[in-house]
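In case you want the letters, here they are:
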Amino acid sequence: MKMRAALLEQFGEPLRVQEVELAEPRAGEVLVRLAACGVCHTDLYTASGADPSGYAPTVLGHEGAGVVEQVGSDVTLLAPGDHVVTLFSPQCGECIHCRDPRTNLCLAIREQQNKGFLPDGSTRISRDGEPIRHFMGCSTFAEYTVMPEIALAKVSPEAPFEHACLFACGLSTGLGAAINTAAVQPGSTCVVFGAGMVGLGAVAGCRLQGAERIACVDLSPERLELARGQGATDLLLAGESTVEEILAMTGGFGADYTFEATGNVAVMGQAVEAARMGWGLCTVAGVAGKGETLDVVPRFLITGRRIAGSSFGGVKGRDQVPVLVERYLAGEIDLSPFVSHRIGLEEVNRGFELMEAQDGIRSVIEFA
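Calculation rules
- Residues numbered from 1 in each chain as written.
- Predicted model: local features only at pLDDT ≥ 70, side-chain atom pairs only at ≥ 80, totals over all residues.
- Heavy atoms only, no water.
- Helix = DSSP H or I, 4+ residues; strand = E, 2+ residues; numbered from the N terminus.
- Rg over C-alpha atoms; globule rule 2.2 N^0.38 Å.
- Buried < 20%, exposed > 50% of the residue type's maximum accessible area, 1.4 Å probe, protein only.
- Areas by Shrake-Rupley, 256 points an atom, 1.4 Å probe, with all protein chains shown as cover.
- Lys, Arg positive; Asp, Glu negative; His and termini not counted.
- Charge placed at Lys NZ, Arg CZ, Asp CG, Glu CD.
- Pairing = 2+ DSSP bridges.
- Axes fitted to C-alpha atoms, helices over the stretch in contact; angles between N-to-C directions.
- Contact = heavy atoms within 4.5 Å.
- Polar contact = N/O pair within 3.5 Å; in protein donor to acceptor, adjacent residues only side chain to side chain.
- Salt bridge = Lys/Arg side-chain N within 4 Å of Asp/Glu carboxyl O.
- Phe/Tyr/Trp six-rings, centres within 6.5 Å; stacked < 30°, edge-to-face > 60°.

Student: In this structure, what is going on with the overall build of the protein chain? I would like to understand it.
Tutor: Of the regular secondary structure elements, the protein chain holds 11 helices and 18 strands. In terms of overall dimensions, the protein chain is globule-like: its C-alpha atoms have a radius of gyration of 20 Å, near the 21 Å expected for 368 residues. Along the first, second and third principal axes, the C-alpha set of the protein chain runs to 65 × 40 × 35 Å. Put simply, the protein chain has 368 residues, and 56% of those count as buried. Carbon and sulfur atoms provide 50% of the accessible area of the protein chain, an area that totals close to 15,100 Å². Across the protein chain, the 28 positively charged side chains and the 45 negatively charged ones have centroids separated by 5 Å.

Student: Help me understand the sheet that holds strand 12 (residues 213–218), please; the structure alone is not making it clear to me.
Tutor: For sheets, the rule is that strands pair by backbone hydrogen bonds, running either parallel or antiparallel. Strand order in this open sheet of 6 strands is 13-12-11-14-15-16, and the pairing throughout is parallel. Of all the strands in the sheet, the pair left with one neighbour each is strand 13 (234–237) and strand 16 (306–309). Strand-to-strand twist of the sheet, defined as the mean angle between neighbouring strand axes without regard to direction, takes the value 20 degrees. This element, helix 8 (residues 265–273), spans strand 11 (189–193), strand 14 (257–260), strand 15 (281–284) and strand 16 of the sheet and lies at about 175 degrees to strand 14.

Student: What is the right way to read helix 1 (residues 41–48) from this model?
Tutor: Along an α-helix, a turn takes 3.6 residues, which lines up residues three or four apart on a common side. Those residues of helix 1 not exposed but buried are Asp-43, Leu-44, Tyr-45, Thr-46 and Ala-47. Turning to helix 1, the residues buried within the fold contact strand 1 (2–8), strand 3 (29–38) and helix 11 (348–356). Two residues or fewer after helix 1 comes Gly-49, characterised by a positive phi angle close to 95 degrees.

Student: Would you take a moment to explain the sheet that holds strand 1 for this structure?
Tutor: What the 5 strands build is a closed barrel, ordered 1-2-7-8-4; its pairing is mixed. Where strand 7 (residues 125–127) lies against strand 8 (residues 130–134), 3 bridges are found, and the strand directions are antiparallel. Paired with Ser-126 across the strands is Pro-131, a residue of strand 8.

Student: Help me understand helix 8 in this model?
Tutor: Turning to helix 8, its buried residues are Val-267, Met-268, Gly-269, Gln-270, Ala-271 and Val-272. Buried residues belonging to helix 8 abut strand 11, helix 7 (242–249), strand 14, strand 15, helix 9 (298–302) and strand 16. Where helix 8 begins, the side chain of Asn-264 points an oxygen toward the backbone nitrogen of Ala-266, at a separation of 2.8 Å.

Student: Even after reading the chapter, I still don't get the environment of Glu-225, so can you show me in this structure?
Tutor: With respect to the helices, strands and loops of the structure, Glu-225 is situated in helix 6 (residues 221–230). Overall, Glu-225 belongs to the partly exposed group, its relative accessible area being 43%. Considered as a pair, Glu-225 and Leu-235 are 10 residues apart in the sequence and their alpha carbons are 7.9 Å apart.

Student: For this particular structure, what's the right way to read the pattern of salt bridges?
Tutor: Where side chains of opposite charge bring their charged atoms close, a pairing between them can arise. On inspection of all chains with the given rule, the structure shows 20 salt bridges. Its salt-bridge partner being Glu-143, residue Arg-4 comes within 3.3 Å of it at the nearest N-O pair. Here Arg-4, found in strand 1, pairs with Glu-143, found in the loop between strand 8 and strand 9 (144–148); they are 139 residues apart in sequence, far enough to count as distant. Judged by relative accessible area, which is 31%, Arg-4 ranks as partly exposed. Using a relative accessible area of 23% as the deciding quantity, one classes Glu-143 as partly exposed. A salt bridge links Glu-225 to Arg-228, with the shortest nitrogen-to-oxygen separation between them at 3.1 Å. Taken as a pair, Glu-225 and Arg-228 lie in helix 6 at a separation of 3 residues, close to a single helical turn. Since its relative accessible area comes to 44%, Arg-228 is described here as partly exposed. Look at the salt bridges and you will find they share partners, linking Arg-26, Glu-29, Asp-120 and Arg-124 into a network.

Student: What exactly am I supposed to notice about the packing of aromatic side chains here?
Tutor: Any two aromatic rings considered together are summarised by their centre-to-centre distance and by the angle between their planes. Overall, the coordinates contain 3 aromatic pairs when judged by the stated rule. For the pair Phe-167 and Tyr-328, a centre-to-centre distance of 6.2 Å together with 50 degrees between the ring planes defines the contact as tilted. Here the residue Phe-167 occupies a position in the loop between helix 3 (161–164) and helix 4 (170–181), and Tyr-328 occupies one in helix 10 (residues 317–329), the gap between them amounting to 161 residues. By relative accessible area, Phe-167 is classed as buried at 0%.

Right, dumping it as structure tokens:
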């Protein structure tokens with residue numbers, strides 16, 4: 001079938017929306033008609049050429065939601081008409097990681113996905129007979145996509161697509177960092193560095209876990225007010241004295257849990273220093289730039305602080321994304337402030353421009 005898609009042809013160049021071919025799903029694969037797709041920082045990160053694992057040409061996009069149109073052979077859990085959220089972090093349910101509650105890093109298709117291929121080592125997207133690689137196994141800057149069944153979460157049809165797509169990446173990453181990775185305890189004190197999508201999700205996750213005090217740190221007063229709406233009790237403008245302010249707030253000890261959601265290694269260092277002596281846990285969810293490293297004074301670790309990384313919030317997508325969507329539908333998470341701009345596929349580059357200008361939290365592409 002023919003479809004319109006936004007292609008990354010050259011790093012650092014604007015995406016080009018053009019017509020490409022999409023082949024039918026093969027065994028274990030599903031054809032999805034996209035209804036909405038968030039424009040995520042990871043897409044911009046790859047398009048800029050900063051991602052050391054990036055490749056081109058490819059169809060970007062990974063924060064999608066849509067409707068199953070067709071299934072290949074051996075697909076057992078999805079059927080045409082089902083509403084789904086795309087998962088860059090799949091869940092086969094069978095590999096050693098899927099069977100272990102300590103991680104969500106499924107191994108089943110990781111090698112091929114990282115190369116831009118579907119599990120059989122080929123692509124379904126082409127242009128004039130030339131293969132176009134898939135991005136993060138998703139390629140949702142397009143009218144349709146073909147994905148493995150294990151990389152799709154079936155969600156309630158009551159969830160609006162513009163909100164459901166947020167659970168495909170940033171929102172689940174933040175929520176899961178608090179709920180899964182850190183497992184925030186009731187009555188605790190938390191500090192979230194960054195009030196973008198991931199950070200706001202972490203604030204909401206801390207609230208859902210019953211944290212007593214939740215501070216959010218950001219450079220933008222407007223974003224900090226959004227954090228208040230998600231449950232933040234204290235708002236701090238970011239600066240060189242941030243750690244000292246947090247220590248002053250916590251009797252000189254630091255926070256039980258800190259979360260880094262900026263990708264800035266200097267901020268990561270602050271998040272470590274702001275964690276409580278004795279048992280403080282710093283969860284790093286932000287993605288640092290190519291070649292950057294995190295410097296940690298060993299004394300902070302010796303005196304009881306711990307550091308954990310969190311990919312997709314430790315969320316096992318097929319099992320847990322539907323549960324998070326249900327919590328949203330039950331009114332536990334307010335997503336309306338997160339959708340800042342609604343754009344068409346032809347405006348995808350504007351979505352990048354809005355992100356670079358920090359204009360709002362998420363631009364969502366809506367498909368007719």
